[in-house]
Each structure stands twice: as C-alpha cells, then as structure tokens.
Amino acid sequence: MTGQANGRTAATRPRIVRAAWEAFRERGYRASLEEVAARAGVVRQTLYNHFPGKKLLFGEVVRHATRSILVTLEGGESLRETLIAFGRALRERVLSPDGIAVYRTLVAEAATFPELAGHFFAEGPVATRERLAEVLAAAMRKGLLRRDDPAFAAEMLIAMLIEFDRLRRLLAPAGKHPAGDHKTEAVVDCFLRAFAPRDSGKKRT
C-alpha cells in the first residue's frame, strides 16, 4: 500500500503544476489555490501538502517550464546542434500562445505584484541565461568560441532568438510569423560566426 500511495503522490504533483500553469495563464497571480486544486481534481489540503503557499507553487511552475528548455543543453551533440536544440525549445516555449499569454499577464501585474515579477525573472530568464552562459564558457575554454563574457554572449543569443518575435506576437499577433526552425538555425549560425575563434596569429583590435 505504501508503494501505491507514493505513486499516487508522485502523479499528483505534476497534475497540480499543470493546473497551476493553466490558472496563472488565464487569471494571473490572482488565481486562488482553491481554483488550482479544483482544476487539478484534488482537495485543498492535498495541494498544501505539496505546496504550502502560492509563491512556492508559482516558483515550481516557472522552474518546470525552464527545465524543459535547459534540458536541451545537456546533450552531447556538437555545439551548433546543442544551441539549435536549445533555440527551438526556447522559441517553442516562449513564443507559444501560452507563453505569450503568461508574459502579457506578468507584465500587466508586475507593478501590483513586484515580488511575483522578480521571482519569475530569477527562476526563468536569469536561470536560463546562467545555464547557457556555463555552456558557452565551456565552449570558449575548448576554443570553439572566442574568449568573451559568456553571460553577455548568452544574453545576445537569447535576445536574437526571441525578442523581436515576442514583440511581434504581442503587438501584431495577426502578422506573418517566420518558420521557427529556419530562423533558429539562421540565428545560431549568425551567433557562431560572431563569436568564432580568432586566428592565433591575429592581434585583437
């Protein structure tokens, strides 16, 4: 019986996280824990057993979304293929209708719930930049990229991958959107050319 109970508990947690994602997407941080519990099909006490407060639940929702992107950086492919996989996952998550809806809600509520906005920023964009910077720093040490500030390089790549397209989806949602795979590969190739290793015989200007 203990094993079955543990199995049910393990299955309940991701169901709560999915329900919370839906609630936060539709209603923002104003979504109540009671609403999340109802969506997940659990009683409130079960939800509290997993997440004692809304802040913890929201943090887990953001971490779950971020992990689905960062896992692409764990592969053993070439640097180009790793960055393309990362770029595709990032664009799929951030530029999806759900991603745009959550971003719009967060921006609208940032002034009312500054702690929420800061928490999202730390658990999402900052965590993504830091992990990508680690990968780029390792590539720089191996001579696959020229030496530079890896955090700056990570910010550059992330902005190239999503920033303009996110604005397009926010401000001109009826406009034509470029094919994701084609743009991802074009951006990664541009990034790799920009940070290509310098010839050892050339002086840095």
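Preceding this paragraph is the structure being described.
Residues numbered from 1 in each chain as written. Predicted model: local features only at pLDDT ≥ 70, side-chain atom pairs only at ≥ 80, totals over all residues. Heavy atoms only, no water.

This part takes up the overall build of the protein. For the protein, the count of helices and strands is nine helices and zero strands. Start at the N end of the protein and walk to the C end: the helices and strands fall as α-α-α-α-α-α-α-α-α. Within the protein, contacts between residues separated by at least 24 positions form 68% of all contacts whose residues are at least 6 apart in sequence. With an accessible surface of roughly 11500 Å², the protein has 57% of that area assigned to carbon and sulfur atoms. (Helix = DSSP H or I, 4+ residues; strand = E, 2+ residues; numbered from the N terminus. Contact = heavy atoms within 4.5 Å. Areas by Shrake-Rupley, 256 points an atom, 1.4 Å probe, with all protein chains shown as cover.)

Among the nonpolar cores identified, the biggest contains 28 residues, and Leu-83, Phe-86, Leu-90, Leu-132, Leu-136, Leu-145 and Phe-191 are the most heavily contacted of them. Elements with a minimum of two residues in this core: helix H4 (54-70), helix H5 (79-94), helix H7 (114-141), helix H8 (150-171) and helix H9 (180-194). Ignoring anything within four residues of it in the chain, the contact list for Phe-191 reads Leu-83, Leu-136, Ala-153, Leu-157 and Met-160. Formed by 23 residues, the second largest nonpolar core is a distinct cluster that contains Tyr-29, Ala-40, Val-61 and Val-102. (Core = buried A, V, L, I, M, F, W, Y, C linked by side-chain atoms within 4.5 Å. Buried < 20%, exposed > 50% of the residue type's maximum accessible area, 1.4 Å probe, protein only.)

Further remarks concern the packing of helix H6 (residues 97-109) against H8. Packing of H6 against H8 brings their axes to within 11 Å, and their N-to-C directions diverge by 80°. Here H6 lies roughly perpendicular to H8, going by the angle between them. Mapping the contact onto sequence places Ile-100, Tyr-103 and Arg-104 in H6 and Arg-166, Arg-169 and Leu-170 in H8. Here the residues of the contact of H6 with H8 are counted per class, giving three nonpolar, no polar and three charged. (Axes fitted to C-alpha atoms, helices over the stretch in contact; angles between N-to-C directions. Parallel < 35°, antiparallel > 145°, perpendicular 65-115°, else oblique. Nonpolar A, V, L, I, M, F, W, Y, C, P; charged D, E, K, R; others polar.)

This part is about the pattern of salt bridges. If you walk through the whole model with that rule in mind, you get 22 salt bridges. The shortest N-O distance in the salt bridge between Arg-39 and Glu-26 comes to 2.6 Å. With Arg-39 in helix H2 (residues 33-40) and Glu-26 in helix H1 (residues 2-27), the pair connects residues that are 13 residues apart, well separated along the chain. You can call Glu-26 partly exposed: its relative accessible area is 47%. (Salt bridge = Lys/Arg side-chain N within 4 Å of Asp/Glu carboxyl O.)

One can find Ser-32 in the loop between H1 and H2. Overall, Ser-32 belongs to the partly exposed group, its relative accessible area being 27%. One polar contact links the side chain of Ser-32 to the main-chain amide nitrogen of Glu-35, over a distance of 3.1 Å. (Polar contact = N/O pair within 3.5 Å; in protein donor to acceptor, adjacent residues only side chain to side chain.)

This brings us to the packing of aromatic side chains. Overall, the coordinates contain two aromatic pairs when judged by the stated rule. Between Phe-24 and Phe-58, the ring centres sit 5.2 Å apart and the planes meet at 80°, which makes this aromatic pair edge-to-face. In this pair, Phe-24 is assigned in helix H1 and Phe-58 in helix H4, connecting sequence segments 34 residues apart. For the pair formed by Phe-24 and Phe-58, the shared burial category is buried. With centroids separated by 4.8 Å and ring planes inclined at 35°, the aromatic side chains of Phe-191 and Phe-195 adopt a geometry described as tilted. (Phe/Tyr/Trp six-rings, centres within 6.5 Å; stacked < 30°, edge-to-face > 60°.)

The interhelical angle for the contact between H7 and H8, taken along N-to-C directions, is 115°, at an axis separation of 8 Å. H8 is crossed by H7, and the crossing has right-handed handedness. When H7 is examined against H8, the residues Thr-128, Arg-129, Leu-132, Ala-133, Leu-136, Ala-137 and Met-140 are found in contact with a partner set consisting of Pro-150, Ala-151, Ala-153, Ala-154, Glu-155, Leu-157 and Ile-158. Here the contact of H7 with H8 is built from residues that sort into eleven nonpolar, one polar and two charged. (Left-handed = near helix turned anticlockwise from the far one by under 90°.)

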